[in-house]
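# Coordinate analysis (summary)
So the chains spell out like this:
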Amino acid sequence: MAEELDEGKLEHLLEHWIEHSESHSKSFNDWISKLEAAGFEEVAGHIRTAATKMDECTEHLKQAKDVVRK
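Residues numbered from 1 in each chain as written. Predicted model: local features only at pLDDT ≥ 70, side-chain atom pairs only at ≥ 80, totals over all residues. Heavy atoms only, no water.

As named in an unreviewed UniProt entry, the chain is DUF8180 domain-containing protein, taken from Methanococcoides seepicolus.

Right, here's the structure in full:
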C-alpha cells in the first residue's frame, strides 16, 4: 500500500533534498582547487560543471517547495 503523501511530508522531503544537493555542491566546490593544484585540471572542469548543475537542481527543488507552500 502506498504511503499517504500530504503537503507537510512533501515539504519535508523537498527540504531534505535541498540540503542534500547543497551539501554535494559545496563538496564539489571544495575539491575543485585541490584537483587543480594536483594537476587534474580537466577533472576539475567536469566537477565545476557538475557543481553548477547541482546548483540548478537545487533551484528547481526550491521552486517545487514554493509551489507546495502556495
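### Some details on the environment of glycine 45
By the secondary structure assignment, glycine 45 is in helix α2 (residues 41-69). Taking relative accessible area as the criterion, glycine 45 reaches 27% and is therefore assigned partly exposed. Linking glycine 45 and isoleucine 32, residues 13 residues apart in sequence, is a C-alpha distance of 7.8 Å. (Helix = DSSP H or I, 4+ residues; strand = E, 2+ residues; numbered from the N terminus. Buried < 20%, exposed > 50% of the residue type's maximum accessible area, 1.4 Å probe, protein only.)

### What about the side chain of lysine 65?
Within the secondary structure, lysine 65 is located in helix α2. Only 3.3 Å separates the side chain of lysine 65 from the side chain of glutamate 15, close enough to count as a polar contact. The residues touching lysine 65, leaving out its near neighbours within four places in the chain, are Glu11, Leu14, Glu15 and Ile18. (Polar contact = N/O pair within 3.5 Å; in protein donor to acceptor, adjacent residues only side chain to side chain. Contact = heavy atoms within 4.5 Å.)

### Topic: the packing of aromatic side chains
Counting across every chain of the model gives 0 aromatic pairs. Stacked on the ring of tryptophan 31, the Lys or Arg lysine 34 has its end atom at 4.6 Å from the ring centre. (Phe/Tyr/Trp six-rings, centres within 6.5 Å; stacked < 30°, edge-to-face > 60°. Lys NZ or Arg CZ within 6 Å of the ring centre and 35° of its normal.)

### What about the pattern of salt bridges?
Across all of its chains, the model carries 6 salt bridges by this definition. In this structure, the salt-bridge partner of arginine 69 is glutamate 11, at a minimum N-O distance of 2.8 Å. Pair noted here: arginine 69 is in helix α2 and glutamate 11 is in helix α1 (residues 7-37), with a separation of 58 residues, a long-range link. A cluster of three or more residues bridged by salt bridges with shared partners is formed by Glu22, Glu59 and Lys62. (Salt bridge = Lys/Arg side-chain N within 4 Å of Asp/Glu carboxyl O.)

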